[in-house]
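# Structural features, examined
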Amino acid sequence: MNSKLKLNIVFLFFLCIAFVLSACMDEKDAGLPVLKDQRSIVDQNKACKIFNDSIDWIVEPNLYAKNFKIKSHSNYDVLEVYTGTDTNYYAKGNSDSLKLFCPKYQWLKDRSQKIIVLSSIYLPYFSALNLEPLVIGLANGKWIHNNTFKAMIHQFQVKDLGPYQQIKVEELIKLKADIIIDFNNIGNEIPAIKKAKELHQRVLQTNTWQEKHPLARSEWIKVIGWLTKRSERANDKFNVIV
């Protein structure tokens, strides 16, 4: 069965679900009893999985990294980040179907150009790709040893948000970043990150520290390349390392 036919079948399936949901809403308007939780009609995660399984993805293979995956199809591509207990999804491009079936995906700009970095371990990736000017905010500025970023802080080209635990959400929002890069701290997030996510700020929670192989951590440069539309350059840099 070709990809287009599979997509048509999946689309028809979800049209039926949409019809059922609509009927439930009509009953609610008429004062008739409805399901307490309409999500029980169809599990959102399963619906997204069905759609994903219908796609002929092109997956970029990783040599060492286990906690992220980059895959593409037609005019959109997806970054999956494994947290240890769950998976976070980030998408770029244009797909009404993906937005419909997988509403939990965070949609990003084709190229992120205003980025807040809350862990200094990711700054060398930006330096390796000559992308330091894309960083507009960072945490723990007084502990930064990278000379370029130290100079940028002193020249007010990048905002030092202060100690990580004391970051204020107002400062994050004021910078109007395309995305915030934070390390995976799900379940124990600082208040500023929790609030930023509630305000629909895009937050990429990474998981490099759980990688077992040292080169796996270096391979996360591909994630920065994907975010900034510099994947080819990131791949080249990583291939030099290995």
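The rules behind each value
- Residues numbered from 1 in each chain as written.
- Predicted model: local features only at pLDDT ≥ 70, side-chain atom pairs only at ≥ 80, totals over all residues.
- Heavy atoms only, no water.
- Helix = DSSP H or I, 4+ residues; strand = E, 2+ residues; numbered from the N terminus.
- Buried < 20%, exposed > 50% of the residue type's maximum accessible area, 1.4 Å probe, protein only.
- Pairing = 2+ DSSP bridges.
- Contact = heavy atoms within 4.5 Å.
- Axes fitted to C-alpha atoms, helices over the stretch in contact; angles between N-to-C directions.
- Salt bridge = Lys/Arg side-chain N within 4 Å of Asp/Glu carboxyl O.
- Core = buried A, V, L, I, M, F, W, Y, C linked by side-chain atoms within 4.5 Å.
- Phe/Tyr/Trp six-rings, centres within 6.5 Å; stacked < 30°, edge-to-face > 60°.
- Lys NZ or Arg CZ within 6 Å of the ring centre and 35° of its normal.
- pLDDT = per-residue confidence, 0-100.
- Disulfide = S-S within 2.5 Å.

## Description of unusual backbone geometry
- Even without a glycine there, the phi angle at Ser74 is positive, about 55 degrees.
- By the secondary structure assignment, Ser74 is in the loop between β2 (68-73) and β3 (76-82).
- Judged by its relative accessible area of 70%, Ser74 falls in the exposed class.
- Even without being a glycine, Phe156 presents a positive backbone phi close to 60 degrees.
- Examined against the element boundaries, Phe156 turns out to sit in the loop between α5 (147-154) and β8 (159-160).

## Quick notes on the sheet that holds strand β6 (residues 115-117)
- One open sheet accounts for five strands, arranged β8-β7-β6-β9-β10; its pairing is parallel. Whereas interior strands pair on both sides, the edge strands pair on one side only; in this sheet they are β8 and β10 (203-206).
- Bridge analysis of strand β9 (residues 179-183) against β10 gives four bridges, and the strand direction is parallel. Directly across from Ile181, in β10, lies its bridge partner Leu204.
- Running at roughly 135 degrees to β10, helix α7 (residues 191-198) makes contact with β9 and β10 of the sheet.

## Quick word on the pattern of salt bridges
- Considering all chains together, one arrives at nine salt bridges under this definition.
- Two residues, Glu198 and Lys195, come together in a salt bridge whose shortest N-O distance is 3.7 Å. Here Glu198 pairs with Lys195, and both are found in helix α7, just three residues apart, close to one helical turn.
- Classification of Glu198 as exposed rests on a relative accessible area of 54%.
- A relative accessible area of 37% places Lys195 in the partly exposed class.

## Focus: the nonpolar core
- Grouped together as the largest cluster of nonpolar side chains are 35 residues, with contacts concentrated most on Leu79, Phe126, Phe149, Ile181, Leu204 and Leu227.
- Excluding anything up to four places from it in sequence, Phe126 contacts Ile115, Val117, Leu131, Glu132, Val135, Phe149, Ile181 and Ile224.
- In terms of nonpolar packing, the next biggest core, distinct from the first, is built from 17 residues, Ile116, Ala139, Ile193 and Val203 among them.

## Considerations on the packing of aromatic side chains
- Following the criterion strictly, the structure yields six aromatic pairs and no others.
- A ring pair is formed by Phe68 and Trp220, whose centres lie 5.0 Å apart and whose planes are at 65 degrees; its orientation type is edge-to-face. With a gap of 152 residues between them, Phe68 in strand β2 and Trp220 in the loop between α8 (214-218) and α9 (221-227) connect regions that are remote in the sequence. For the pair Phe68 and Trp220, a shared accessibility class is recorded, and that class is buried.
- The aromatic ring of Trp107 is capped on one face by Lys99, whose charged end is 5.0 Å from the ring centroid.

## What about the confidence of the model for the protein chain?
- Averaged over every residue, the pLDDT of the protein chain is 85; the share at 70 or more is 81%.
- This stretch, residues 18-41, has a pLDDT under 50; its non-local contacts, to residues over four places away or in other chains, come to 13 contacts.

## Quick word on the state of the cysteines
- Under the counting rule described, the total for this entry stands at one disulfide.
- The side chain of Cys48 participates in a disulfide bridge whose partner is Cys102; the two sulfur atoms lie 2.0 Å from each other. Since a negative S-S torsion denotes a left-handed disulfide, the Cys48-Cys102 link at about 105 degrees is right-handed. Pair noted here: Cys48 is in helix α2 (residues 44-53) and Cys102 is in the loop between α3 (96-101) and β5 (106-107), with a separation of 54 residues, a long-range link.

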